[in-house]
Structures are given as C-alpha cells and as structure tokens.
Amino acid sequence: MQDNKRVAALVTVICLALLVFCLIERQVRRALGGEQKMPGLYPGNQQVRPTGRMILYHLSGLRLRVGSATDPLTIVISRGVQLHLLDLLGLEPTHPRWPET
C-alpha cells in the first residue's frame, strides 16, 4: 500500500512540473505574437520558436543578489535573452516578488 502512494505522489509531482513547463512555453509564445519566433535562443542568432526547455535553460543562469536593509534584492541578468524572456513572461527583474521583512 505504501508503494502505491509513493508512485501516485511521484506521478502527481511530474504532472505538476509538466504543467508549469507548458504554461511557461505558452506564455512566451503568446507574448511573441503571430510569428512566435525569437532570436538569441540558439547560437547564430537564428529566429526559432521558443521551447520550454530552451526558456528554462536560459533562465537557469539567473542569479539573485541578496540585499540589505537599504539595498533591495535584485536579479542579476548575465545575458540579454534572459531579460527578453522575463519581459515576455511579465516579470520585473528589478522588483522580485518576495515579501519585505
């Protein structure tokens, strides 16, 4: 009985991860408009349709710089494509959405 619960929990987590993956891809493609292609995802700057895998690959390089009482948290962006993807996702990199303490 315990094994069935673990398998069910694993399948649930995998399904939720896939849902988030697909929603990210869908949001970026909708924000791009009719063409649904963008440069900068692959070397050579060719225009391609963004996939969830490529979006998360580029966003994986983002870093969070911890602030202090007078200096807020900021997201460190190392590549221009990261800023473009965050913009397409409707996220503001200079104002992370964490509660102030």
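Computed from a predicted structure; not experimentally measured. (Residues numbered from 1 in each chain as written. Predicted model: local features only at pLDDT ≥ 70, side-chain atom pairs only at ≥ 80, totals over all residues. Heavy atoms only, no water.)

## Quick notes on the overall build of the protein
The cut-off we apply is this: Strands here are runs of E lasting at least two residues and helices are runs of H or I lasting at least four, both read from the DSSP assignment and numbered beginning at the N terminus. For this measure, only C-alpha atoms enter the radius of gyration; the expected value for a globule follows 2.2 Å times N^0.38, where N is the number of residues. Relative accessible area decides the class of each residue, using a 1.4 Å probe on protein chains only: under 20% of the type maximum gives buried, over 50% gives exposed, and in between gives partly exposed. Contact definition: two residues touch when any of their heavy atoms are within 4.5 Å. In these tables, accessible area is a Shrake-Rupley quantity obtained with a 1.4 Å probe, and a residue counts as shielded only by the protein chains included in the view.
Across its full length, the protein carries three helices and two strands. The C-alpha radius of gyration of the protein comes to 17 Å, more than 25% above the 13 Å expected for a compact globule of 101 residues. Each principal axis of the C-alpha atoms in the protein carries an extent, and together these give about 50 × 45 × 25 Å. Evaluated residue by residue, the protein yields a buried proportion of 23% over its 101 residues. When contacts within the protein are restricted to residue pairs at least 6 apart in sequence, those whose partners lie at least 24 apart make up 36%. Of the accessible surface of the protein, which amounts to about 7600 Å², a share of 60% is contributed by carbon and sulfur atoms.

## Side note on a nonpolar patch on the surface
Applied cut-off: Here, patches come from residues exposed beyond 30% relative accessible area and free of salt bridges, joined within 9 Å for like charges and within 5 Å for nonpolar side chains (Val, Leu, Ile, Met, Phe, Trp, Tyr). We define a salt bridge as a contact between a side-chain nitrogen of Lys or Arg and a carboxyl oxygen of Asp or Glu at a distance within 4 Å.
A cluster of nonpolar side chains, Leu-16, Leu-19 and Leu-23, forms an exposed patch at the surface whose accessible area comes to about 280 Å². Note on placement: Leu-19 falls in helix H1 (residues 2–32).

## Concerning the pattern of salt bridges
Tallied over the full model, the rule gives one salt bridge. Here Arg-29 makes a salt bridge to Glu-25, at a shortest N to O gap of 3.6 Å. Of this pair, Arg-29 and Glu-25 both sit in helix H1, four residues apart, roughly one helical turn. Accessibility expressed as a relative area gives 16% for Arg-29, which makes it buried.

## Re the packing of helix H2 (residues 52–59) against helix H3 (residues 80–88)
Note the following rule: Angles run from 0 to 180 degrees between N-to-C directions of axes, and those axes are lines fitted to C-alpha atoms, restricted for helices to the stretch in contact. Put simply, angles under 35 degrees are roughly parallel, angles over 145 are roughly antiparallel, angles from 65 to 115 are roughly perpendicular, and the rest are oblique. Crossing handedness is defined as follows: a turn of the near helix away from the far one that is anticlockwise and smaller than a right angle gives a left-handed crossing, while the clockwise case is right-handed.
Where H2 contacts H3, the two axes come as close as 9 Å, and the packing angle between them is 120°. For the element pair H2 / H3, the angle class is oblique. The handedness of the crossing between H2 and H3 is left-handed. From H2, Ile-55, His-58 and Leu-59 reach across to H3, where they touch Val-81, Gln-82, Leu-85 and Leu-86.

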